[in-house]
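Working through the structure, step by step
Listed here are the chains, written in short residue letters.
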Amino acid sequence: MKRLMRVIAVAMLMALALSTAALAAPVSGTWVEESGGWYFYDTPGGTPYKGWQEIEYNGQNRWFYLDPTTGEMQTDWQQVDGTWYYLNPADGAMITGWLKVEYEGNQRWFYLDATSGAMQTGWLEYNNNRYYLDPNNGGMITGWLLEKYQGEDRWFYLEQSSAEEGIMRTGWKEDASGAWVYLEPGSGAMLVNGVYKIDDAFYHLDENGHDVDGHFYGTWQKKDETSHVRLCECGAEEVKSHSWNEGIVTKSATDTVDGVKTFTCTECGATKSETILATTKQSAVKTGDGQSIVVYALLCLAMLAVVSRFSFLK
């Protein structure tokens, strides 16, 4: 046990030593301007630093990116190992946080990670608000945005006013057509194609998020032997009679045993069965039917004779 404790203690000391090394002080040296460019030398006339370097500047430790080949200080947008950074054109120091600069002829907002300075893209959570940064260039999006949400294309709205520019909105919002749509709290996704309970009232929203008259019913379900029903989320229901298909023989009749024919409702899937009489029973029924017809015909003739005789007596 004591040996194990010594091993753990040594490991902790090594980890502390490594972390201390990682927090090494900024490099020291001297800025030198040469041929219109700035270089940072370890000693006058020595070797210029290259790559990312943390250097004390105006009383603060700031990151600079020096050309990996020549050591010249870089400015403006720089892509390093596939990630974009913005280096102040005035002094080369890496910018972090929100940045508004001209991009393709327009002033655009960008967000650079507060620690690493890496340009962010996609959804951004900042000060309890959500923003969306263009996945292609990092520029902040405003206005209506069509974006994937839970596997579907959904609309979002990002504020366009200067005071709250880019903030994702939730709740009721008027769209470009003048109709009101509802942006889901939390996600900001516009609600569509369904019935939703909002502020203790039911709304029937179509594919554009507009409230429409009528109901959005679910699938038909069997109600009883003669009808089926479908329900709207608001509580309304619609009832219709079953719509039976032509049926299929599910059990063939034999000479002595009845068969079965099954019918299925084409809308709710309910089923009903009818008996197919055995062959001998079918023959008996047919014979009986024939006899009944003969008897009926004889009765009719007898009635006719009686009527004729009565007429004659009169």
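Once a new chain begins, its residue numbering starts again from 1 and follows that chain's sequence as written. Local features in this predicted model are restricted to residues whose pLDDT is 70 or higher, and side-chain atom pairs enter the listing and the counts only when it is 80 or higher, whereas totals over whole chains, interfaces and linings include all residues. With hydrogens and water set aside, each side-chain value is computed from the structure's full complement of heavy atoms.

1. A look at unusual backbone geometry
Phi at asparagine 128 is positive, roughly 65°, even though this residue is not glycine. Looking at the secondary structure, you find asparagine 128 in the loop between strand S9 (122–126) and strand S10 (129–133). Buried residues are those whose accessible area, probed at 1.4 Å on protein chains only, stays under 20% of the maximum for their type, while exposed residues exceed 50% and partly exposed ones sit between those limits. Here asparagine 128 falls in the exposed class, since its relative accessible area comes to 83%. In the Ramachandran plot, asparagine 193 falls in the positive-phi region, its phi being about 50° despite a non-glycine side chain. By definition, any uninterrupted DSSP run of H or I lasting at least four residues is a helix, any uninterrupted run of E lasting at least two residues is a strand, and each is numbered from the N terminus. Examined against the element boundaries, asparagine 193 turns out to sit in the loop between strand S14 (180–183) and strand S15 (194–198). Residue asparagine 193 is classed as partly exposed on the basis of its relative accessible area, which comes to 49%.

2. Looking at the sheet that holds strand S22 (residues 271–276)
Two strands are counted as paired when DSSP detects at least two bridges linking them. Strand order in the open sheet formed by three strands is S20-S21-S22, and the pairing between neighbours is antiparallel. Single-partner strands in this sheet number two, and they are strand S20 (248–251) and S22. The sheet shows a mean angle of 35° between the axes of neighbouring strands, direction not considered. The pairing of S20 with strand S21 (residues 259–264) spans three bridges and is classified as antiparallel. Bridged to valine 249 within S21 is lysine 261. Each axis is a line fitted through C-alpha atoms, and for a helix only the stretch in contact is used; angles between axes span 0 to 180 degrees, taken between their N-to-C directions.

3. Thoughts on the environment of lysine 222
If you trace the backbone, lysine 222 turns up in strand S17 (residues 221–222). A relative accessible area of 41% means that lysine 222 is categorised as partly exposed. Put simply, lysine 222 and lysine 240 are 18 residues apart on the chain and 9.9 Å apart in space, counted from C-alpha to C-alpha. Any two residues whose heavy atoms approach within 4.5 Å are treated as being in contact. Look past the residues within four positions of lysine 222 in its chain and what remains in contact with it is Ser227, His228, His242, Cys268 and Ala270. Engagement of the side chain of lysine 222 in a polar contact is seen with the side chain of glutamate 225, the distance being 3.2 Å. Each polar contact in these results corresponds to two N or O atoms within 3.5 Å; when the atoms are within protein, one needs to be able to donate a hydrogen and the other to accept it, and residues that are neighboring in sequence are counted only if both atoms are side-chain atoms.

4. A short note on the nonpolar core
The biggest cluster of nonpolar side chains holds eight residues, and these are Trp77, Tyr86, Ile95, Leu99, Val101, Phe110, Leu112 and Met119. Every residue in contact with tyrosine 86, bar those within four places of it in the chain, is listed here: Asp76, Trp77, Ala93, Met94, Ile95, Leu99, Val101 and Leu112. By convention a nonpolar core is built from buried Ala, Val, Leu, Ile, Met, Phe, Trp, Tyr and Cys residues, the set being connected through side-chain atoms within 4.5 Å.

5. A few points about the pairing of strand S6 (residues 83–87)
Across five bridges, strand S5 (residues 76–80) lies against S6 in antiparallel orientation. Of the residues in S6, the one forming a bridge with aspartate 76 is leucine 87. Counted along the chain from S5 to the antiparallel partner S6, the turn is two residues long, and its residue aspartate 81 has a positive phi close to 50°.

6. Concerning the pairing of S15
Judged from the five bridges that link them, S15 and strand S16 (residues 201–205) form a sheet pairing that is antiparallel. Bridged to lysine 197 within S16 is phenylalanine 202.

7. Let's talk about the packing of aromatic side chains
Pairing of aromatic rings covers Phe, Tyr and Trp, the last through its six-membered ring, and needs centres within 6.5 Å; plane angles under 30 degrees mean stacked, over 60 mean edge-to-face, and all others mean tilted. Scanning all chains against the criterion turns up 21 aromatic pairs. Aromatic side chains tryptophan 172 and tyrosine 182 sit 5.0 Å apart centroid to centroid with 65° between the ring planes, which places their arrangement in the edge-to-face category. With tryptophan 172 in strand S13 (residues 171–174) and tyrosine 182 in strand S14, this residue pair connects regions lying ten residues apart in the sequence. Residue class for tryptophan 172 comes out partly exposed when judged on its relative accessible area of 30%. An aromatic cluster of at least three residues, connected via ring pairs, comprises Trp31, Phe40, Tyr49, Tyr57 and Phe64. A ring is considered to have a charge above it if a Lys NZ or an Arg CZ atom is located within 6 Å of its centre and within 35 degrees of its normal. Arginine 130 extends its terminal NZ or CZ atom over the ring of tryptophan 123, reaching a point 4.2 Å from the ring centre.

8. What about the pattern of salt bridges?
Here, a salt bridge means any Lys or Arg side-chain nitrogen found within 4 Å of an Asp or Glu carboxyl oxygen. Counted according to the given criterion, the structure contains seven salt bridges. As a salt-bridge pair, arginine 169 and glutamate 164 come within 2.3 Å of each other at their nearest N and O atoms. Exposure remark for arginine 169: the relative accessible area of 22% places this residue in the partly exposed category. What makes glutamate 164 partly exposed here is its relative accessible area of 36%. Across the pair glutamate 267 and lysine 240 runs a salt bridge whose closest N-O atoms are separated by 3.5 Å. Of the two residues, glutamate 267 is situated in the loop between S21 and S22 and lysine 240 in strand S19 (residues 237–241); the sequence distance between them amounts to 27 residues. Given a relative accessible area of 32%, glutamate 267 falls into the partly exposed group. Overall, the relative accessible area of 34% leaves lysine 240 in the partly exposed class. Through salt bridges that share partners, Glu159, Glu164 and Arg169 make up one connected network.

9. Considerations on the confidence of the model for the protein
One number per residue, pLDDT, summarises how confident the predictor is, and it ranges from 0 to 100. In this model, the protein carries a mean pLDDT of 85, and residues with pLDDT of at least 70 account for 80%. Element-level pLDDT for the protein is lowest in helix H1 (residues 2–22), with a mean of 42, against a maximum mean of 98 in S6. Taken as a whole, residues 1–23 scores under 50 in pLDDT and shows zero contacts with residues more than four places along the chain or in a different chain.

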